Amino acid sequence: MTTLENDFIKVSIRSQGAELTSIYNKKTGLEHLWQADPAVWGWHAPNLFPVVGGCLNNEIIVEGEPYPMERHGFTRQSEFAVVEATPTKACFSLKSNEKTRAVYPYEFDFQIEYQIDNQVLTLIYRVFNRENKRMYFSVGSHPAFAVPFFPNEKYEDYYLEFQNEEPLERHMLSAKGYFTGETEPVLTVDKQLPLTADLFNDDALVFKNLASRSVTIRSRNHDHAVTVSFPAFPYLGIWAKPGGKFVCIEPWLGCADREGTPVPFEEKEAIQHVEPNGLFETGYTIGV
């Protein structure tokens, strides 16, 4: 376990998946990350690579060849190496190997860097292409935040506040987790989306091309809050396991497949790329 700490927050990251396991506010005594109850949902904050969401037939098609690919990719099951660690910054690396080549035929170095400054945690994703050809991928994050903050509160005391007042339209998912092509309005009042027990009965709320670049978890009982800011991520998933005491705010550069006929990997919706021997870098922040 790798720990980052300053006067305000303490953050823990495990080597499996380079996954956050704790965001602890030292001033308030609040643990803001879901503690991965395996009876409900056994993850804290998976990192998603080289796909986001589900792929038709559980495979991707690269240069005409099918490769098996699990939902959200293989990163969360992979062991990362720590390549840099200071009291306030750590960088983790997953390099292509025999196991990854069997499902994703590219040479790469996928790095995840965590930095803390005051009460803000910054996550940076870097994708190094070690090929002499263009490399395609998706990348995203799946952090689950504990709600309610205090034991004397209810889940329904909380709401999500979007940065902008805007019409929200969710893109519907099938029972298998693929887009159906249908959409549905999501109603907000004064930029607020109430958290309710049945909000995620039809799976995640998936938004495309939001104007808002941040979402804040707030309570009607106090001023403590968690803000996720994602300036470079046009796709956003919001999800919780029905009955789970958490909510995921998920910045994505990529998304699930649409029901129908599979397409080549490079033609997937929201697919990203990095040029030969190049570097792709992006990031977002969590403020507590």
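Conventions adopted
- Residues numbered from 1 in each chain as written.
- Predicted model: local features only at pLDDT ≥ 70, side-chain atom pairs only at ≥ 80, totals over all residues.
- Heavy atoms only, no water.
- UniProt positions renumbered as here; feature names shortened; annotations may be inferred.
- Helix = DSSP H or I, 4+ residues; strand = E, 2+ residues; numbered from the N terminus.
- Rg over C-alpha atoms; globule rule 2.2 N^0.38 Å.
- Buried < 20%, exposed > 50% of the residue type's maximum accessible area, 1.4 Å probe, protein only.
- Contact = heavy atoms within 4.5 Å.
- Areas by Shrake-Rupley, 256 points an atom, 1.4 Å probe, with all protein chains shown as cover.
- Lys, Arg positive; Asp, Glu negative; His and termini not counted.
- Charge placed at Lys NZ, Arg CZ, Asp CG, Glu CD.
- Pairing = 2+ DSSP bridges.
- Phe/Tyr/Trp six-rings, centres within 6.5 Å; stacked < 30°, edge-to-face > 60°.
- Lys NZ or Arg CZ within 6 Å of the ring centre and 35° of its normal.
- Disulfide = S-S within 2.5 Å.

Going by the annotation in an unreviewed UniProt entry, the name recorded for the protein is Aldose 1-epimerase family protein, with Larkinella humicola given as the source organism. Its UniProt record, at the heading Subunit (unreviewed entry), says of the protein: "Monomer."

Visitor: How should I be thinking about the overall build of the protein in this particular structure?
Guide: Check the secondary structure of the protein and you find 1 helix and 25 strands. Taking 2.2 N^0.38 as the reference for a compact globule, 288 residues should give roughly 19 Å; the C-alpha atoms of the protein span a radius of gyration of 19 Å, in line with that estimate. If you line up the protein on its principal axes, its C-alpha atoms span 55 × 45 × 35 Å. Classification of the 288 residues of the protein by burial places 56% in the buried group. A fraction of 64% describes how many contacts in the protein between residues 6 or more apart in sequence connect residues 24 or more apart. Carbon and sulfur atoms make up 47% of the accessible area of the protein, which totals about 12,400 Å². Both charge centroids of the protein, one from 26 positive and one from 39 negative side chains, sit 3 Å from each other.

Visitor: Where do I start with the pairing of strand β21 (residues 225-229) in this structure?
Guide: Successive residues of a regular strand alternate their side chains across the two faces of the sheet. Where strand β20 (residues 214-219) meets β21, 5 bridges bridge the pair, whose relative direction is antiparallel. Each bridged residue has a counterpart across the sheet, and for valine 215 the counterpart in β21 is valine 228. The turn joining β20 and β21, which pair antiparallel and follow one another in sequence, is formed by 5 residues. Here β21 runs beside strand β25 (residues 279-287); their pairing, made up of 3 bridges, is antiparallel. The residue bridging valine 228 from the neighbouring strand is isoleucine 286, located in β25.

Visitor: What's the story with the sheet that holds strand β2 (residues 9-14) in this structure? I'm lost.
Guide: In a beta sheet, neighbouring strands are held together by backbone hydrogen bonds and run either parallel or antiparallel to one another. Taken in spatial order, the 4 strands line up as β1-β2-β3-β4 in an open sheet, and their pairing is antiparallel. On the outer flanks of this sheet lie β1 (2-5) and β4 (30-31), each paired with one strand and no other. The pairing of β2 with strand β3 (residues 19-25) spans 6 bridges and is antiparallel. Its bridge partner being in β3, serine 12 is matched across the sheet by serine 22.

Visitor: What should I look at first to understand the packing of aromatic side chains in this one?
Guide: Two measures describe an aromatic ring pair: the distance that separates the ring centres and the angle between the ring planes. This model, assessed by the stated rule, comprises 21 aromatic pairs. When the centroid spacing of 4.2 Å and the interplanar angle of 15° are considered together, the rings of phenylalanine 49 and phenylalanine 110 count as stacked. Of this pair, phenylalanine 49 sits in the loop between β5 (47-48) and β6 (59-62) while phenylalanine 110 sits in strand β10 (residues 108-117), and the two are 61 residues apart along the sequence. The pair formed by phenylalanine 49 and phenylalanine 110 is uniform in burial state, with each residue classed as buried. An aromatic cluster is defined as three or more aromatic residues linked by ring pairs; in this entry it consists of Phe49, Phe74, Phe80, Tyr104, Tyr106, Phe108, Phe110, Tyr125, Phe137, Phe265 and Phe280. Between arginine 76 and the ring centre of tryptophan 43, over which it is positioned, the NZ or CZ distance is 5.0 Å. Above the ring of phenylalanine 179, the side-chain terminus of lysine 208 is found at 4.2 Å from the ring centroid.

Visitor: Would you mind going over the pairing of β10 with me for this structure?
Guide: For β10, a buried count of 8 out of 10 residues is recorded, marking the element as mostly surrounded by other parts of the structure. Examined bridge by bridge, strand β9 (residues 89-95) and β10 share 7 bridges and lie antiparallel to one another. Bridge assignment links cysteine 91 to a residue of β10, and that residue is glutamate 113. Here 10 bridges tie β10 to strand β11 (residues 120-129), and the two strands are oriented antiparallel to one another. Bridge assignment links phenylalanine 110 to a residue of β11, and that residue is valine 127. Once β10 ends, the chain turns through 2 residues before running back antiparallel as β11, passing asparagine 118 with a positive phi of about 55°.

Visitor: What exactly am I supposed to notice about the state of the cysteines here?
Guide: Every disulfide links exactly two cysteines, by a covalent bond between their sulfur atoms. Across all of its chains, the model carries 0 disulfides by this definition. Free of any disulfide, cysteine 55 has its nearest neighbouring cysteine sulfur in cysteine 255, separated by 10 Å.

Visitor: Looking at this structure, I do not really get the environment of tyrosine 67. What am I missing?
Guide: One can find tyrosine 67 in strand β7 (residues 65-68). Through-space distance from the C-alpha of tyrosine 67 to that of valine 103 is 5.0 Å; in sequence the pair is 36 residues apart. Sequence-distant contacts of tyrosine 67, that is, excluding residues within four places in its chain, are made with Asn58, Glu59, Ile60, Val62, Arg101, Ala102, Val103, Tyr104 and Pro105.

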